[in-house]
Amino acid sequence: MLSEKSRPVVEATIGIIGERIPNITPVFYKSMFEARPDLLDGMFSRANQKNGTQPQALAGSIAMFASHLLNHPDSYPDEVLSRVAHKHASLGLLPEEYPTVHEHLFGAIAADLGDAATPEVVAAWDEVYWLMADALIKIEKGLYSQQANDVMFAPFRLISKEPVAEGVVAFEFEPADDTPMTPSVAGQYISIQVVVMDGLRQPRQFTLVPSDPGHRRIVVREDPEGEVSPILHEDIAVGDVLEISNPYGDVTLDPDFHGPLVLVSAGIGITPVVAFLDQLAREDPEREVLVLHADRSEAAWPGRELVRDYVSRMPNAKLVSWLAAPGEGDFAGHMDVSQAEIPEGAEVFMCGPLAFMQSVRSQLVSGGVPGRSIHYEIFGPDLWMLHDEARTA
Ligand code: HEM
């Protein structure tokens, strides 16, 4: 809980801090990576620095946390903290790194605010930072303690690589040493480190899809502009060994909820849907499930046969598709959920590009689905969470 001393100071300055974040974050990141270039080797994604999403997500989440403390003094924004902690844990982040971010972030805040960064203002925001850092550290410690091993990354050998749709390849890995494997839960992801052109290790997260027992399987769409996916697609060969983290991620099915499910995806966002369907087909085949998918065409749609196969084996499951290619899919053009019948009392899981999910979410909310029943997974830093309504409405 924020102290009585800091509360009015945070209240008075949250507007200006929020406004200045776009100016503060580039300075913060520049100074941090100058002092600690090693953080770009295996920890931070350079691509997310370049496009600015990660710095914004990090600094923005602190402002969002502060605003939560002001509006709900007795609670924390658990969902946001959990998402961030899972992402951190997948990268092997340790508590001793928190002072590094603190030092450079607060250096940048002080430089930007100038005289307005009085000792009171700095002390109040310091308190916010450490409340958030301590909450994250605690969750991260809990996540690490649930693993079957005490390493952050273990070596895995690529045993198969097969195209599954236009520009999309499935990779299956087996352990390359005797590190015990933590079992994954449907919807979770792993971080994989790939050595890029200049020798740095770059981590990326990929959702796990069903695999043979004791293996890890991912499905990757090539982004020709990307730094990592072209290497996976073109350079990594069967027999190569890569470093892979334990499974993390909290967008998973609630074992205590037995009502209807709506699984919504676009493009490569199908991967968590495949993982959920696999779990449901094995454990709860009678479940009422509505699968909604949007894609460019049949050929571009990864896992289409798999999805159809799961749905055909589940008597109460139904698939509806929107494909841009003329004459393909149940409907043409963009997903319009009013063309499908959303079951009463359903929990919804979405994965796909942000604009797609924002559109589907507003359609669902207008159609009467409560915001709290709509869950989503974003590939990449989640800027949506900074706008409270996506999480709490
Ligand atoms: C990701 C917040 C400390 C490294 C993130 C994200 C947020 C965040 C909001 C984006 C999560 C997502 O949606 O994917 C914070 C806050 C911190 C903190 C509030 C302190 C209170 C740290 C520290 C490090 C770190 C100390 C390491 C020195 C990372 C990395 C990512 C990340 C590597 C992954 C995203 C990427 O590379 O693009 N953090 N973080 N964070 N954070 Fe933190």
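Residues numbered from 1 in each chain as written. Predicted model: local features only at pLDDT ≥ 70, side-chain atom pairs only at ≥ 80, totals over all residues. Heavy atoms only, no water.

## Here's the deal with the overall build of the protein
The helix and strand inventory of the protein stands at eleven helices and twelve strands. Relative to the globule expectation of 21 Å for 393 residues, the C-alpha radius of gyration of the protein, 22 Å, shows essentially globular dimensions. For the protein, buried positions account for 54% of its 393 residues. Restricting the contact set of the protein to residue pairs at least 6 apart, pairs at least 24 apart contribute 73%. Only carbon and sulfur atoms are counted for the fraction: they give 55% of the accessible area of the protein, which is about 17600 Å². With 28 positive and 58 negative side-chain charges, the protein shows a spacing of 2 Å between the two charge centroids. (Helix = DSSP H or I, 4+ residues; strand = E, 2+ residues; numbered from the N terminus. Rg over C-alpha atoms; globule rule 2.2 N^0.38 Å. Buried < 20%, exposed > 50% of the residue type's maximum accessible area, 1.4 Å probe, protein only. Contact = heavy atoms within 4.5 Å. Areas by Shrake-Rupley, 256 points an atom, 1.4 Å probe, with all protein chains shown as cover. Lys, Arg positive; Asp, Glu negative; His and termini not counted. Charge placed at Lys NZ, Arg CZ, Asp CG, Glu CD.)

## Notes on the coordination of the iron atom of the ligand
Just one protein ligand coordinates the iron atom of the ligand, and it is His88 (NE2) at 2.0 Å. Tracing the backbone through its elements, the reader meets His88 in helix α4 (residues 78-90). (Donors = N, O, S within 2.8 Å, 3.2 Å for Na, K, Ca; no water.)

## Some details on the packing of aromatic side chains
Enumeration over the complete set of coordinates arrives at nine aromatic pairs. Measuring from centroid to centroid gives 5.3 Å for Phe65 and Tyr76, while their planes differ by 55°, and the two rings are tilted. Of this pair, Phe65 sits in helix α3 (residues 53-71) while Tyr76 sits in the loop between α3 and α4, placing them eleven residues apart in sequence. By way of ring pairs, the aromatic residues Phe28, Tyr29, Phe33 and Phe44 are connected into one cluster. (Phe/Tyr/Trp six-rings, centres within 6.5 Å; stacked < 30°, edge-to-face > 60°.)

## Details of the side chain of His86
Within the secondary structure, His86 sits in helix α4. Since its relative accessible area comes to 10%, His86 is described here as buried. If near-sequence neighbours (up to four positions away) are discounted, His86 is found in contact with Leu143, Tyr189, Tyr248, Gly249 and Asp250.

## Quick notes on the environment of Ala108
Tracing the chain through its elements places Ala108 in helix α5 (residues 98-113). Here the alpha-carbon distance between Ala108 and Ala317, two residues 209 residues apart in the chain, equals 52 Å. If we skip the residues at most four places from it in the chain, Ala108 touches Ile24, Val27 and Phe28.

## Comments concerning the pairing of strand β1 (residues 153-165)
Pairing between β1 and strand β6 (residues 241-245): five bridges, direction antiparallel. Directly across from Pro155, in β6, lies its bridge partner Glu243. From the end of β1 to the start of strand β2 (residues 168-175), which pair antiparallel, there are two residues, and Gly167 there has a positive phi angle of about 70°. (Pairing = 2+ DSSP bridges.)

## Looking at the confidence of the model for the protein
Taken residue by residue, the protein gives an average pLDDT of 94. The fraction at 70 or more is 98%. ipTM for the predicted complex: 0.98, alongside a pTM of 0.95. (pLDDT = per-residue confidence, 0-100.)

## Observations regarding the site of the ligand
The immediate surroundings of the ligand are formed by 26 residues, with Asn48, Arg83, Lys87, His88 and Asp382 found nearest. Note that an oxygen atom of the ligand is positioned 2.4 Å from one of the side-chain N or O atoms of Lys87. Take Asp382: an N or O atom from its main chain is 2.7 Å from an oxygen atom of the ligand. Within the residue set of the shell around the ligand, elements represented by two or more residues are α3, α4, α5 and α6 (119-145). Ranked by residues supplied to the shell around the ligand, first place goes to α3 with five residues. Taken together, the residues that form the shell around the ligand break down as 16 nonpolar, six polar and four charged. (Near = heavy atom within 4 Å. Polar contact = N/O pair within 3.5 Å; in protein donor to acceptor, adjacent residues only side chain to side chain. Nonpolar A, V, L, I, M, F, W, Y, C, P; charged D, E, K, R; others polar.)

## Section: the pattern of salt bridges
If you walk through the whole model with that rule in mind, you get 20 salt bridges. Between Arg46 and Asp198 there is a salt bridge, with the nearest N and O atoms lying 2.8 Å from each other. Of this pair, Arg46 sits in helix α2 (residues 46-50) while Asp198 sits in the loop between β3 (189-195) and β4 (201-207), and the two are 152 residues apart along the sequence. Note on Arg46: relative accessible area 16%, which makes it buried. A salt bridge links Glu162 to Arg217; its shortest N-O distance comes to 2.9 Å. Highlighted residues: Glu162 in strand β1 and Arg217 in strand β5 (residues 216-221), separated in sequence by 55 residues. The buried category is assigned to Arg217, whose relative accessible area is 14%. (Salt bridge = Lys/Arg side-chain N within 4 Å of Asp/Glu carboxyl O.)

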